[in-house]
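Overview (structure and organization)
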Amino acid sequence: MSTAIKWLTRSAEFVAAMMMAAMFLTFILQIVVRYSAPFGWLAEAFPLLDPSRYGWTLELCLALWVWIVFWGAAFVVGDRDHVTFDILYTHVNPKVRTWFAIIGSLAVCAGLLWSLEPTWSKFYILRLKKTATLNGLLGDWVRMRDIYSVYMIFLLAVSARYAWRAFSAFRHGADAETSHVRDGGTGR
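In short, a report on the structure. Note on numbering: residues in each chain are counted from 1, in written sequence order. A pLDDT threshold of at least 70 governs which residues receive local features in this predicted model, and a stricter bar of 80 or more applies before side-chain atom pairs are shown or counted, although totals over entire chains, interfaces and linings include all residues. Side-chain metrics rest on all non-hydrogen atoms present in the structure, leaving aside hydrogens and water.

Let's shift gears to the overall build of the protein. The numbering of helices and of strands both runs from the N terminus, where a helix is a DSSP run of H or I of at least 4 residues and a strand a run of E of at least 2. Looking only at helices and strands, the protein features eleven helices and zero strands. Helices and strands appear in the protein in the N-to-C order α-α-α-α-α-α-α-α-α-α-α. Note that the radius of gyration is over C-alpha atoms, with the globule rule given as 2.2 Å times the number of residues to the power 0.38. For 188 residues, the compact-globule estimate of 2.2 N^0.38 gives 16 Å, and the C-alpha radius of gyration of the protein, at 22 Å, exceeds that figure by more than 25%. With respect to the principal axes defined by its C-alpha atoms, the protein has extents near 75 × 40 × 35 Å. Restricting to contacts in the protein with at least 6 residues of sequence separation, those with at least 24 account for 71%. Residue contacts follow a heavy-atom distance rule, with two residues in contact if any of their heavy atoms lie within 4.5 Å.

In structure tokens:
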């Protein structure tokens, strides 16, 4: 099981890295086109540098940024990497800490799952809206719902992670799944 988890983790990290690379390359393209734009003769000599062809770059960077943030938060960033306010949590006995972990995890899970339907209802209208400039790059089929669909993936993945955290805390105690409490918060 741990081999499959490691493989899935590495795959999610690879997807995030590829999105970051695509965003970086698009950003570099924006810089090249922006600084070559004042030289009209350059665009005439090299039609690929015509600034009117690159309106899509800003929207692609924004879409990739949305995907990187929610994909990363769902699959790449671990619980120890988030900011936590655990002053009370670290100063109670392990049994109380376990119940804190269970109740807190179930609350996060329930809140995210509860928000699925209202979120999907808002996304329903986005199926009609097209992107402003990405259709020139990706075609006419891309809708705003497709760009923001990563938020639904985020809701489901984080809900599943916190449900697993509650189950693990119930079976093994909170200290088994939060070893950073035992080692002074270093995470090592």
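A ring pair, where both rings are aromatic, is described by two values, the distance of the centres and the angle of the planes. Here is the rule: rings of Phe, Tyr and Trp (six-membered ring for Trp) pair when centre to centre is within 6.5 Å. Planes less than 30 degrees apart are stacked, more than 60 are edge-to-face, and the remainder are tilted. Evaluated as defined, the whole model comprises nine aromatic pairs. Look at W71 and F75: their rings are 4.6 Å apart centre to centre, the planes differ by 55°, and that puts the pair in the tilted class. Taken as a pair, W71 and F75 lie in helix 3 (residues 56-76) at a separation of four residues, close to a single helical turn. Three exposure classes are used, based on accessible area relative to the maximum for each residue type with a 1.4 Å probe and protein chains only: buried under 20%, partly exposed in between, and exposed over 50%. Overall, the relative accessible area of 16% leaves W71 in the buried class. For F75, a relative accessible area of 32% translates into the label partly exposed. With a centroid separation of 6.5 Å and an interplanar angle of 25°, the aromatic rings of Y89 and F100 are classed as stacked. In this pair, Y89 sits in helix 4 (residues 87-90) while F100 sits in helix 5 (residues 94-114), placing the two residues eleven residues apart along the sequence. Cluster of aromatic residues (ring-pair linked, three or more members): F70, Y151 and F154.

Nonpolar cores were defined as sets of buried Ala, Val, Leu, Ile, Met, Phe, Trp, Tyr and Cys residues, with membership established by side-chain atoms within 4.5 Å. Membership of the largest hydrophobic core comes to 30 residues, with the highest contact counts inside it found for W71, L134, I147, F154, L155 and V158. Secondary-structure elements contributing two or more residues to this core are helix 1 (2-36), helix 3, helix 5, helix 6 (116-126), helix 8 (144-148) and helix 9 (150-172). Among the elements that take part in this core, helix 3 stands out by supplying nine residues, more than any other. Every residue in contact with W71, bar those within four places of it in the chain, is listed here: A12, V15, A16, M19, V76 and V150. Core analysis: the second largest hydrophobic core is formed by five residues, A101, I102, A169 and A174 among them.

Now for the side chain of E59. If you trace the backbone, E59 turns up in helix 3. Positive charges come from Lys and Arg alone, negative charges from Asp and Glu alone, with His and the N- and C-terminal ends not counted. Whenever a carboxyl oxygen of Asp or Glu lies within 4 Å of a side-chain nitrogen of Lys or Arg, that contact is scored as a salt bridge. In this structure E59 is buried but unpaired, with R143 as the nearest side chain of opposite charge at 11 Å. Among the polar contacts listed, one links the side chain of E59 to the backbone nitrogen of T133, at a separation of 2.7 Å. The contacts of E59, once residues within four sequence positions are left out, are T131, A132, T133 and L134. In the analysis that follows, any N or O atom pair within 3.5 Å is treated as a polar contact, provided that within protein one partner can donate a hydrogen and the other can accept it, and provided that, for residues neighboring in sequence, both atoms belong to side chains.

Our focus in this paragraph is the pattern of salt bridges. One pass over the full model with this rule turns up one salt bridge. Notably, a salt bridge pairs R10 with E13, separated by 2.9 Å at the nearest N-O pair. Taken together, the residues R10 and E13, both in helix 1 and three residues apart, mark about one turn of the helix. Of the residues examined, E13 reaches a relative accessible area of 29% and is grouped as partly exposed.

Two elements in contact, helix 6 and helix 9, have axes separated by 11 Å at closest approach and are oriented at 175°. Here helix 6 lies roughly antiparallel to helix 9, going by the angle between them. Seen from helix 6, the contacting residues are L116, T119, W120 and F123; seen from helix 9, they are Y151, M152, L155 and L156. Residue composition of the contact of helix 6 with helix 9, grouped by class: seven nonpolar, one polar and no charged. Fitting a line to C-alpha atoms yields each axis, with helices limited to the stretch in contact; the angle taken between N-to-C directions then spans 0 to 180 degrees. In these notes the angle categories are as follows: under 35 degrees is roughly parallel, over 145 is roughly antiparallel, 65 to 115 is roughly perpendicular, and the rest is oblique. Basically, the charged four are Asp, Glu, Lys and Arg, the nonpolar ten are Ala, Val, Leu, Ile, Met, Phe, Trp, Tyr, Cys and Pro, and anything else, Gly included, counts as polar.

What follows covers a nonpolar patch on the surface. For patches, a residue must show more than 30% relative accessible area and have no salt bridge; joins then use 9 Å for like charges and 5 Å for nonpolar side chains, namely Val, Leu, Ile, Met, Phe, Trp and Tyr. All accessible-area figures derive from a Shrake-Rupley calculation using a 1.4 Å probe, and residue coverage is judged against the displayed protein chains alone. On the surface, F24, L25, F27, I28 and V32 cluster together to form a nonpolar patch covering roughly 480 Å² of accessible area. Tracing the backbone shows F27 in helix 1.

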